[in-house]
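Listed below are the residues making up each chain.
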Amino acid sequence: MASPRTSEAPLASSARLKEIMAAHFVGVDRASREHTAPVAWCTSVGPVELLRALGYQVFFPENHGALLGASRVANETMGSAHALGYSPDICSYLTSDIGSYLQKRTPLSRYGMSTAPRADLLLYNTNQCREVKDWFEFYGREWNVPVVGVTSFREIGEVQRSHVDAIVRQMEDLVPTLEAVAGRKLDAARLEESVARSKECSDLWREVLATAAARPAALTFFDGTIQMGPAVILRGTVEACDFYRLLLAELQERVKGGKGALPRERFRIYWDGMPVWGKLRDLATLFAGLDTSVVASTYCNSWVFEALDPRDPLPSMARASLELFIARSEEPKQRYLERMVRQFSVDGVIFHDSRTCPNNSNARFGMPQRLRRTLGLPVLTIDGDLNDLRCFSDEQARTNIEGFVEQLEGQAPRSPAAHA
Amino acid sequence: MRAPLYAGIDCGSWNTKAALVDADGALLATAVVRTGADVAGASERAFAELLSRAGAARDQVGAIWSTGFGRHAIPLAGASRTELDSHARGALQYVSGPLTVIDIGGQDAKIILVDAEGRRISHKMNRKCAAGTGSFLEEMALRLDVPIGQLPALARDAKEEIELGSFCTVFTGTEVLGLIRQGKRPADLARAAYRSVVKRVLEMERVEGKVVATGGVVAHHPMVVELLTKAIGREVIVPRNPQEIGAVGVAVAAREAGAPSAEAPAGRTP
Ligand code: SF4
């Protein structure tokens, strides 16, 4: 009986990844406890550069949500938020994080923390969803601290100058509050520097992801979701850029040597939608066992901010936030997916329809059917959730995915009717 | 019967089905047993029953392949395919593509599209809830206070068209109780339950080409086929062994893979 190798090749740079992530958590926690620096919570797509320029230590609750999901602590904590009136049908990052706060249970305990750090201010951008605002407002009420942010456009076709201007004005209006809490004035040079570092980090991250375009792919989606930590929580810092240079060099070596993340790669898949955090390892093993690389994803690419430009900080930050996939309408989303499919030489597309995040679920308005038609590629939709494992069936996902790979095996035409 | 023979075992949530084909692909026998809580035991029983029905000996069987939800838990089997592959393959033994397979089982329903060359082009499975499956019919039989086996006969007496509006099985159960209180006839409600199954299934995916209906619900509840035909507006083909079609399909896959020593595709080893 064949016993396929069912794991991805480990990355040497992972040790450095662990170090910088740990240093980040310990740093924010200390600042929060000892008041050595102002602490802000920020949405993962920013506008973090303003906070960095003002000397804030920044915590990203979506990252905490992902950690809760990956450690499966989420499934223990969510219930407390549901009981408080936060529905099981809304973002399970939100419910698992608020539950974590209520129960004082967090995977951050490995860094000596009993809860996520208390913030002096929370800063959101609704370009991804309204949920982040409601999420932050819970803490604003708990801690009696300001909750400010950008109320963005959604479902944008082409990003217009008027969109950008409106977001810039909102960002400018935020500055006095951010300054008051930080106790210092925003310095133009520091903002430019912060945007420059974010841009560098984003460019490096894009190059990292591009190594999966090689055949075999040097990186898979499953590894990518771990490696992208610094692009989310350390964007705008020197540490993040240094780490990605290290990772990129390692992946480029793989490409040069013709080595893939998997021992054998028969098929290449594009993943749209959220990761199923609590099943990341199981799914990675399943795909590896099927000799199938998940080579690219909308999710990992969401932290590539093409438009950032240190010479034009606020307008470029505004544009970057508006151009993101999640903020766009179906038409640009479809063009984007078609481009990715070609760039990464993909054999099939899997849509994860995430029960509690309609914002990152793109199978609800006919996209899979349209893509199947325009690209002539097999597409599959699987049901699940980012954190709420009650919405995910192992057996159903397995059958769907195995069945999809069988479909890709492109069986020769079957023999004609035998028992007719 | 020309040896070697090839066996397929389809381990479903309610029943385990088995099929035996010979070296020429001719179907020799099928068997159905209850799955229960012991998947491996059920597959042994189904296989033994299969051999006895075919009058074949164990050592004539060149390969045993499995399919269905329990496919990875059958020690007898040398390799497996998903039920998606097996149902498509099974249906193709009776009808050539392009076709749509509508499979309605105890716990799930699936729609599989196959092109003119016999290649599977897409599939949809519904297992988020019991709506559109055999479990839903069991629940309705319970509400109407009849054994599930009597539901088909009851529905035959229907006179009034009743539409059940709820999506979820629990809501539908409450809806049915309300309708009983209003004095609606159980026969009309039984037929409404079948109509609901058909409606839910057809909401999953568009059907294209010839339509083949398979699965335990199709085998035991002929009204589902009648209503499907009416809803789709064209013939619905029911193969000779609608419930065992997955087992037939995977037996055929084992035969197509050839020699018993053929290495199982990576990741499919049970
Ligand atoms: S985008 Fe989705 S997962 Fe992210 S915070 Fe909003 S609702 Fe939650």
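Small disclaimer: the values here were computed from a predicted structure and weren't measured.

## Digging into the overall build of chain A
Okay, step 1: Helices and strands together make up the secondary structure of chain A, namely 17 helices and eight strands.
Okay, step 2: The globule rule puts the C-alpha radius of gyration for 420 residues at 22 Å, and the 22 Å found for chain A is close to it.
Okay, step 3: Across its three principal directions, the C-alpha atoms of chain A cover 80 × 45 × 40 Å.
Okay, step 4: In chain A, buried positions account for 61% of the 420 residues.
Okay, step 5: For chain A, the share of sequence-separated contacts (at least 6 apart) that also reach a separation of at least 24 residues comes to 78%.
Okay, step 6: Surface exposure of chain A reaches about 15900 Å², of which carbon and sulfur atoms provide 50%.
Okay, step 7: Measuring between centres, the 49 positive side-chain charges of chain A sit 2 Å from its 52 negative side-chain charges.

## Observations concerning the packing of aromatic side chains
All names here are of chain A.
Okay, step 1: Applying the stated criterion to the full structure yields 21 aromatic pairs over all chains.
Okay, step 2: Here the aromatic rings of Trp41 and Phe136 are separated by 6.4 Å at their centres, their planes lie at 80°, and the arrangement is edge-to-face. Of this pair, Trp41 sits in strand E1 (residues 39-42) while Phe136 is found in helix H6 (residues 131-143), placing the two residues 95 residues apart along the sequence. Taken as a pair, Trp41 and Phe136 share a single burial class, namely buried.
Okay, step 3: Ring geometry for Tyr101 against Tyr139: centres 5.2 Å apart, planes inclined by 85°, an arrangement best described as edge-to-face. With a gap of 38 residues between them, Tyr101 in helix H5 (residues 92-103) and Tyr139 in helix H6 connect regions that are remote in the sequence. Both residues of the pair, Tyr101 and Tyr139, count as buried.

## Focus: the nonpolar core
Okay, step 1: Leu178 and Trp205 of chain A are the most contacted members of the largest nonpolar core, which has 120 residues in total.
Okay, step 2: Top contributing element to this core by residue count: helix H7 (residues 161-182) of chain A, with eight residues.
Okay, step 3: Built from parts of two domains, this core gets at least three residues from each of domain 1 (14-189) and domain 2 (212-226 + 259-409) of chain A.
Okay, step 4: Every residue in contact with Leu178 of chain A, bar those within four places of it in the chain, is listed here: Leu50, Leu51, Leu54, Tyr56, Leu121, Leu123 and Val148 of chain A.
Okay, step 5: Grouped together as the second largest cluster of nonpolar side chains are 39 residues, Ile102, Leu189, Ala193 and Met204 of chain B included.

Reading the values: the criteria
Residues numbered from 1 in each chain as written. Chains lettered and ligands numbered in written order. Predicted model: local features only at pLDDT ≥ 70, side-chain atom pairs only at ≥ 80, totals over all residues. Heavy atoms only, no water. Helix = DSSP H or I, 4+ residues; strand = E, 2+ residues; numbered from the N terminus. Rg over C-alpha atoms; globule rule 2.2 N^0.38 Å. Buried < 20%, exposed > 50% of the residue type's maximum accessible area, 1.4 Å probe, protein only. Contact = heavy atoms within 4.5 Å. Areas by Shrake-Rupley, 256 points an atom, 1.4 Å probe, with all protein chains shown as cover. Lys, Arg positive; Asp, Glu negative; His and termini not counted. Charge placed at Lys NZ, Arg CZ, Asp CG, Glu CD. Phe/Tyr/Trp six-rings, centres within 6.5 Å; stacked < 30°, edge-to-face > 60°. Core = buried A, V, L, I, M, F, W, Y, C linked by side-chain atoms within 4.5 Å. Domains from an automatic or database assignment.

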